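# Fold and contact review
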Amino acid sequence: MKCFFKTLSIVLLLSLTVIIGSSSAEELSGELEIFSWWAGDEGPALEALITLYKAGYPKVEVVNATITGGSGINAKAVLKTRMLGGNPPDSFQVHAGQELIGTWVKADRMEDLTGLFKESGWMESFPQDLIKLLGTDKGIWSVPVNIHRSNVLWYIPANLEKWGIDAPENWDDFLAIAPKLKEQGVVPLALATNWTANHLWESVALSSLGADKWDALWSGKLDWTSEDVVKAWELFGKVLEFTNEDASSLSWQQATDMVVNGQAAFNVMGDWAAGYMSTTLKMEPKKDYGWAASPGTEGVFMFLADSFGLPKGAPHRANTLAWLKLLGSKAGSDAFNPLKGSISARLDSDLSLYNVYSQSAADDFGKNRIVGSLAHGVVANEGFMNDFATVMGMFLKSRNPQQAAQAGQAIAIQNGMDE
Ligand code: GAL
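Residues numbered from 1 in each chain as written. Predicted model: local features only at pLDDT ≥ 70, side-chain atom pairs only at ≥ 80, totals over all residues. Heavy atoms only, no water.

## Looking at unusual backbone geometry
In the Ramachandran plot, Ser71 falls in the positive-phi region, its phi being about 60° despite a non-glycine side chain. Among the structural elements, Ser71 can be located in the loop between strand 2 (60-66) and helix 3 (75-84). Ser71 sits in the buried class, given a relative accessible area of 9%. (Helix = DSSP H or I, 4+ residues; strand = E, 2+ residues; numbered from the N terminus. Buried < 20%, exposed > 50% of the residue type's maximum accessible area, 1.4 Å probe, protein only.)

This is the structure we're talking about:
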């Protein structure tokens, strides 16, 4: 496996040299500060990109500024302080969709990258729908590096066999097998810190509402106080009964570990969990770990995309443009994604470089109904996401679906999302 990655990086390095050409190593120097939450276990894919960048621009000193905390829970707060304080990093991780548009673009903090997209041929390399999510009528505001899937259920096939159960196809199935698992001392569903409750909620709500109503919720056509949404909260409350009590003190990796070491049967997490299990834990997809669409969401791909932009006032603009060019390239994308558990956002990616999990995700992405993630910035702006985290905190204590539905309506109005 190690040897495979070594060969892969040599091949990618060579193709990158062709892409950025000899003129690329031009006289770029100074620093490049890349700001993200891909620290520690989440780091290898980003590091592979940085290695490629350094090969192309040896005189640039790359500052890999990471702030730990899944889904950017800590990084986004620091970013806000820096952006508002007039001290932006050169480039920062931001989710495609409302997290970018409804926050930083709205505040007029980003540079338009339309020129870069056109000159790089990216108007054809990326799906039109994705470009739309990164843009407004005034420009295109970031470069996508991947497509992640949010609604995935993870398990260990050998453990399910031992416990005599199958992966549940819907939440009713899950609620039927969960008490039996509990009797055997197994946690039915591993959960981690609060943002992962938001993550679980979006999969449960998607199955309860269905894709059309999920979309309607975000276009303001379905009220948060509607019976449909109350039902989604009710189901979520039932599912929570079968999660671990120490959830709030665990990272998403620790919740995944619970599944891997047999303390828990399942985990609903984005496919960065595949990256963690394959790249960090060296497990083999299908053999060592298994997956399915989260219960009741077969045929729907809830997606999110990580992207990087160029903030106005970035201290090292030319270095950043070279970074963005690498991110959007085929070589950069195919170096990053096989390690990350995501698929390339480009239409021409080389799928032979990807493992069976990612190949199946790419296949689903091509044929499933696509909807956007809440927990990872596609459908709601940051104001709403922060407020939703508060609503979730309240629900985790009160378990009151009516109250959560009403609070949801209030924060939708407050954040301008009710129409
Ligand atoms: C998501 C991000 C993923 C992964 C995950 C866990 O928001 O898009 O790339 O980092 O958080 O931290």
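## Description of the pattern of salt bridges
Tallied over the entire structure, the rule returns 16 salt bridges. Ionic pairing is found between Glu99 and Lys76, a salt bridge with its closest N-O pair at 3.2 Å. Here Glu99 is found in helix 4 (residues 98-105), whereas its partner Lys76 is found in helix 3, with 23 residues between them in sequence. In this pair, the class of Glu99 matches that of Lys76, namely buried. Ionic contacts of the salt-bridge type, sharing partners, join the residues Asp212, Asp215 and Arg369 into one network. (Salt bridge = Lys/Arg side-chain N within 4 Å of Asp/Glu carboxyl O.)

## A look at the packing of aromatic side chains
Scanning the model with the defined rule gives 32 aromatic pairs in all. Considering the side-chain rings of Trp218 and Trp224, the 5.6 Å spacing of their centres and the 75° angle between planes classify their relative orientation as edge-to-face. Pairwise contacts between aromatic rings join Trp201, Trp214, Trp218, Trp224, Trp233, Phe236, Phe384, Phe388 and Phe395 into one cluster. (Phe/Tyr/Trp six-rings, centres within 6.5 Å; stacked < 30°, edge-to-face > 60°.)

## Remarks on the pairing of strand 2
Note: strand 1 (residues 30-36) against strand 2, 7 bridges, orientation parallel. The residue bridging Glu31 from the neighbouring strand is Glu61, located in strand 2. (Pairing = 2+ DSSP bridges.)

## Quick look at the site of the ligand
Around the ligand, 13 residues are found, and the nearest of them are Glu42, His95, Asp306, Lys340 and His376. In the model, an oxygen atom of the ligand is placed 2.8 Å from a nitrogen or oxygen of the Trp38 side chain. Within the side chain of Glu42, a nitrogen or oxygen atom sits 2.5 Å from an oxygen atom of the ligand. Calculation on the ligand without its partners gives an accessible area of 300 Å², and the protein chains cover 100% of this total. (Near = heavy atom within 4 Å. Polar contact = N/O pair within 3.5 Å; in protein donor to acceptor, adjacent residues only side chain to side chain. Areas by Shrake-Rupley, 256 points an atom, 1.4 Å probe, with all protein chains shown as cover.)

## With respect to the environment of Gly69
Its location among the elements puts Gly69 in the loop between strand 2 and helix 3. Taking the relative accessible area as the measure of exposure, Gly69 reaches 16% and is therefore buried. In contact with Gly69, not counting residues within four places along its chain, are Trp37 and Asn74. (Contact = heavy atoms within 4.5 Å.)

## Points about the environment of Asn261
With respect to the element layout, Asn261 can be found in the loop between helix 13 (252-260) and strand 10 (264-268). Distance in space between the C-alpha atoms of Asn261 and Leu46 is 27 Å, their sequence separation being 215 residues. In terms of polar contacts, Asn261 uses its side chain to reach the backbone amide nitrogen of Gln263, at 3.2 Å.

## Thoughts on the confidence of the model for the protein
The share of residues in the protein with pLDDT of 70 or more is 94%, and the mean pLDDT across the chain is 94. In the model, residues 1-14 has pLDDT below 50 throughout and makes 10 contacts with residues more than four positions away in sequence or in other chains. Confidence over residues 17-23 falls short of pLDDT 50; this stretch has 6 contacts with residues more than four positions distant or in other chains. (pLDDT = per-residue confidence, 0-100.)

## Here's the deal with the sheet that holds strand 3 (residues 91-95)
One open sheet accounts for 5 strands, arranged 2-1-3-13-6; its pairing is mixed. The open sheet has two free edges, formed respectively by strand 2 and strand 6 (143-144), since each of these has just one partner strand. As paired elements, strand 6 and strand 13 (residues 306-308) share 2 bridges and run antiparallel to each other. Residue Val143 lies in a different strand from strand 13, and its bridge partner there is Phe308. Set on the sheet, helix 3 makes contact with strand 1 and strand 3; between it and strand 1 the angle comes to about 130°. (Axes fitted to C-alpha atoms, helices over the stretch in contact; angles between N-to-C directions.)

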